[in-house]
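Listed below, chain by chain, are the residues.
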Amino acid sequence: MKNGALIVFKKELARFFGDRRLLITSVIMPGLLIYLIYSFIGSSMNTLVEDSTASYKAAAVNMPAVIAAQLEQMNFEIETITPDQTEQYKEKVRSKDISLCVVFPDDFESVMANYNSKTPSSDVPNVSVFYNSSDINSSNAYPLMITTLDSVEKELSNVFDVNALTDDISYDVATEEDTTGTLMAMILPVVIMTLLYSSCVALAPESIAGEKERGTIASLLITPVPRSQIILGKVCALSVMSLLGGMSSFLGTFLSIPKLMQGMDGESGSIKTDVYGAKEYICLIVLILSTVLLLITVISIISTLAKSVKEAGTMVMPLMMVVMLVSFLTMYQTEVKTEFFWYCIPLYNTVECMKNVFSFSIVSQNIAVTCAANILYSGAGIFVLTKLFNNERVMFG
Amino acid sequence: MKEILKVDSVTKTFRLTSKQQRQRKLDQKVLTAVDNLSFTAYEGEIFGLLGPNGAGKTTTLRMLSTLIKPDSGDALINGLSIVKQPAEVRRNIGFLTSDVKLEDFFTPDYLFDFFSDMHSVPDDVRKERKETLFKRFGIDKFSQVKVADLSTGMKQKTSLVVSLAHDPDIIIFDEPTNGLDVITAKVVTDFLGELRQSGKTVIISTHIFSLIEKVCDRVGIIIDGKMIKCSSLDEITAEKSLEDVFFELYRERKGDEI
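Residues numbered from 1 in each chain as written. Chains lettered and ligands numbered in written order. Predicted model: local features only at pLDDT ≥ 70, side-chain atom pairs only at ≥ 80, totals over all residues. Heavy atoms only, no water.

Peer 1: Report on the overall build of chain B, specifying residues and quantitative values.
Peer 2: What chain B contains, in helices and strands, is 10 helices and 10 strands. Its C-alpha radius of gyration of 19 Å places chain B within 12% of the 18 Å reference for a compact globule of 258 residues. When its C-alpha atoms are laid out on the principal axes, chain B stretches across 55 × 45 × 35 Å. Here chain B, with 258 residues, has 53% of them falling under the buried criterion. Split by element, the accessible area of chain B, about 12,000 Å² in all, is 46% carbon and sulfur. The positive charge centre, built from 37 side chains, and the negative charge centre, built from 40, are 5 Å apart in chain B. (Helix = DSSP H or I, 4+ residues; strand = E, 2+ residues; numbered from the N terminus. Rg over C-alpha atoms; globule rule 2.2 N^0.38 Å. Buried < 20%, exposed > 50% of the residue type's maximum accessible area, 1.4 Å probe, protein only. Areas by Shrake-Rupley, 256 points an atom, 1.4 Å probe, with all protein chains shown as cover. Lys, Arg positive; Asp, Glu negative; His and termini not counted. Charge placed at Lys NZ, Arg CZ, Asp CG, Glu CD.)

Given below as structure tokens:
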């Protein structure tokens, strides 16, 4: 005699893999889209950084020749203007015709020449730099101008330097692993939890509430297969499908993050995903598997209580809030939880363990407790589902 | 004659929500759908439950198919209790109703195999049975076409065939010809006769007098969840037509409210 759960499991998978459109939209598209979008954002940001090396037009009043020379090396095209033209050129900055308008006091060079450490701060001359924050070119030129002026000021009154020696010295002692770990531990648990939730919620309501709505669930319930087996078959099949969708999204994110970060910091090679080994990946897969099982069970319960897919979609909204809240709450949390009970709290336990995995501080007991707790909660959920499937008011009410 | 189905004082009530109370214009919170209903069906006969909409026919059949449980009373199918042995009962019955639909995505071939597996039908038996039934109903030409792409008649035939995948002793049909074209309706009614000839017991519910007159051996008339008359078709129609008998009973119970 064949096992009822296995028959239902095979049927659900046949439905999933047989529907090319469903397969593409729930497995291939999420990962591919995430990869393309993140990569596109990264390369757009990179282009923006590269654009910042373009030339800038600036108007200057009383600018010392030494500063002008430094700015010209940084692709600034300086137009010397008189003080009474200041307003006219400020207007040009506003209309985005030029990037900056810099005004030095008349006696700037003589004051600088006579400067010493006893000069009162009230007598220090002020340099005004007018810029337009709504113009990308002006926004890029402004920090360059400030940096240049600051360096000129430092040269005049240099008492000490910080991290100025560059030959063969790296002041950041963090390894590539540390940098990647910190960043991934902050970003990926939130992303993965959100993607897993999305993957589960895209499939479970259709399979349970959808079957109720279409009347096809009754054809299963009038067979001699126990309802607990029908549920087990459905939950396991849904978990496999959601896992595929979740893994696809995770891969898309994981592979595109270096491109995204490269675009953000303008440096290549500081973030590398190949720092993770088999141990990290195994832990991650085990965590994701147990979490998908739990999420599918909870969403299945909600879908069973709903009369239609639409109603199920509305009813699962609070769960999404919980998933998001738990993920974001732990995003900036630096302390690693060591107490046992933290790893018994559903969803929170997974996020915490994922953070540990990504930051190379895996504690096997915590992962074991998390998986055991998730499986236990899922078992309890399947028991509740069986009760609900036996409740005619819920199934046919 | 061997007693195959014995329904004994079955009652089923439904709790109404405020919305349902308003929609049905009822004051009471509980609706009695089936009220102390009893009847018997024998081997090799077609028993018809006749009644207007809302009389409790579908609720009765749903209880017999173990989809819902009676509040009180019981029914024995092949000696098995619908209350205490629902899983065993399901092995003995085939249930077809407009409420039970097939998944549009699959083909008749896949669905027959799937439901055969759910009923633990051995592979060789399944293969032979599928071939016979598909040929009988002309499904063989469409066996690899998704249910979604079949005509309404072909869908109904597929549902019928799938409900017989495990060769049940008792076949329960709720409104078997509802919504069917004349040709498919004839195929179905002819098949009901064939089932009787092969010794199966068929329970149907309908409000179509001609269907009852054409295929049933015995009839139970239900009004407001109560069995008003239960006898052989010959006895009921000895003096008057079935339609006249039904409306006479209906007026006795409900006055001139037609």
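Peer 1: Describe in detail helix 1 (residues 4–18) of chain A, supporting the description with residues and values.
Peer 2: Look at helix 1 of chain A: 21 Å from first C-alpha to last across 15 residues, which is about the 21 Å you get at 1.5 Å a residue. The opening residue of helix 1 of chain A is N3(A), an N-cap whose side-chain oxygen sits 2.8 Å from the backbone nitrogen of A5(A). (Expected span 1.5 Å × (residues − 1). Polar contact = N/O pair within 3.5 Å; in protein donor to acceptor, adjacent residues only side chain to side chain.)

Peer 1: Before we move on, could you go through a negative patch on the surface and cite the residues and values that matter?
Peer 2: Residues and elements named next belong to chain B. A cluster of acidic residues, D124, E128, E131 and D140, forms a negative patch at the surface. Along the chain, the position of E128 falls in helix 5 (residues 123–136). Take E128: its relative accessible area is 58%, and that puts it in the exposed class. (Patch = residues over 30% accessible without salt bridge, like charges linked within 9 Å, V, L, I, M, F, W, Y side chains within 5 Å. Salt bridge = Lys/Arg side-chain N within 4 Å of Asp/Glu carboxyl O.)

Peer 1: Before we move on, can you summarise the packing of aromatic side chains with the specific residues and values?
Peer 2: Taken as a whole, this structure holds 16 aromatic pairs over all chains when the rule is applied. Measuring from ring centre to ring centre gives 5.2 Å for F16(A) and F17(A), while their planes differ by 75 degrees; the resulting arrangement is edge-to-face. For the ring pair F106(B) and Y110(B), a centre distance of 4.5 Å and an interplane angle of 10 degrees mean the geometry is stacked. An aromatic cluster of three or more residues is present, and its members are F209(B), F246(B), F247(B) and Y250(B). Residue placement shows R15(A) over the ring face of F105(B); its charged tip is 4.5 Å from the ring centre. In this structure, K90(A) packs its charged tip against the face of F130(A), placed 4.4 Å from the ring centre. (Phe/Tyr/Trp six-rings, centres within 6.5 Å; stacked < 30°, edge-to-face > 60°. Lys NZ or Arg CZ within 6 Å of the ring centre and 35° of its normal.)

Peer 1: Report on the sheet that holds strand 5 (residues 80–81) of chain B, specifying residues and quantitative values.
Peer 2: Residue and element names in this part refer to chain B. One open sheet holds the four strands; their spatial order is 2-1-4-5, and the pairing between them is antiparallel. Two strands lie at the open edges of the sheet, namely strand 2 (30–42) and strand 5, each paired on one side alone. Sheet strands in contact with helix 2 (residues 57–64) are strand 1 (3–15), strand 2 and strand 4 (72–77), and its direction is about 65 degrees off that of strand 2. (Pairing = 2+ DSSP bridges. Contact = heavy atoms within 4.5 Å. Axes fitted to C-alpha atoms, helices over the stretch in contact; angles between N-to-C directions.)

Peer 1: Tell me about the sheet that holds strand 4 (residues 128–130) of chain A, and name the residues and values.
Peer 2: Residue and element names in this part refer to chain A. As summarised here, the arrangement of the four strands in space is 2-1-3-4, forming an open sheet in which the pairing is mixed. For this open sheet the edge positions go to strand 2 (76–80) and strand 4, each flanked by a neighbour on one side alone. Looking at each pair of strands side by side, their axes are set apart by 25 degrees on average, direction ignored. Sheet topology note: the strand 3 (residues 100–103)/strand 4 ladder contains three bridges and is antiparallel. The residue of strand 4 that forms the bridge with V103 is S128. Sheet contacts for helix 6 (residues 136–156): strand 1 (56–61), strand 2, strand 3 and strand 4; angle to strand 3, the most-contacted strand, approximately 30 degrees.

Peer 1: Got a sec to walk through the interface of chain B and chain A? Specific residues and values, please.
Peer 2: In many analyses, interface size is given as the accessible surface area lost on bringing the parts together. The partner chain A presents 27 residues to the 28 residues of chain B that form the contact. Counting the surface lost from both chain B and chain A, the interface buries some 2,500 Å², and carbon and sulfur atoms represent 62% of this. There are two salt bridges connecting chain B and chain A. Across the salt bridge formed by E392(A) and K12(B), the nearest N and O atoms sit 2.2 Å from each other. Applying the counting rule to chain B against chain A returns six residue pairs in polar contact (both at pLDDT 80 or more). For the side of chain B that touches chain A, the class distribution of residues is 12 nonpolar, five polar and 11 charged. (Buried area = accessible area lost by both parts, 1.4 Å probe. Nonpolar A, V, L, I, M, F, W, Y, C, P; charged D, E, K, R; others polar.)

Peer 1: Can you break down the packing of helix 3 (residues 65–73) of chain A against helix 6 of chain A residue by residue, with the values?
Peer 2: Residue and element names in this part refer to chain A. Two numbers describe how helix 3 lies on helix 6: the axes approach to 11 Å, and their chain directions differ by 135 degrees. Taken together, the axis directions place helix 3 and helix 6 in an arrangement best described as oblique. Crossing geometry of helix 3 relative to helix 6 is assigned as right-handed. Contact residues: helix 3 offers I67, Q70 and L71, while helix 6 offers M145, T148, L149, S151, V152 and E155. Its residues placed into classes, the contact of helix 3 with helix 6 shows five nonpolar, three polar and one charged. (Parallel < 35°, antiparallel > 145°, perpendicular 65-115°, else oblique. Left-handed = near helix turned anticlockwise from the far one by under 90°.)

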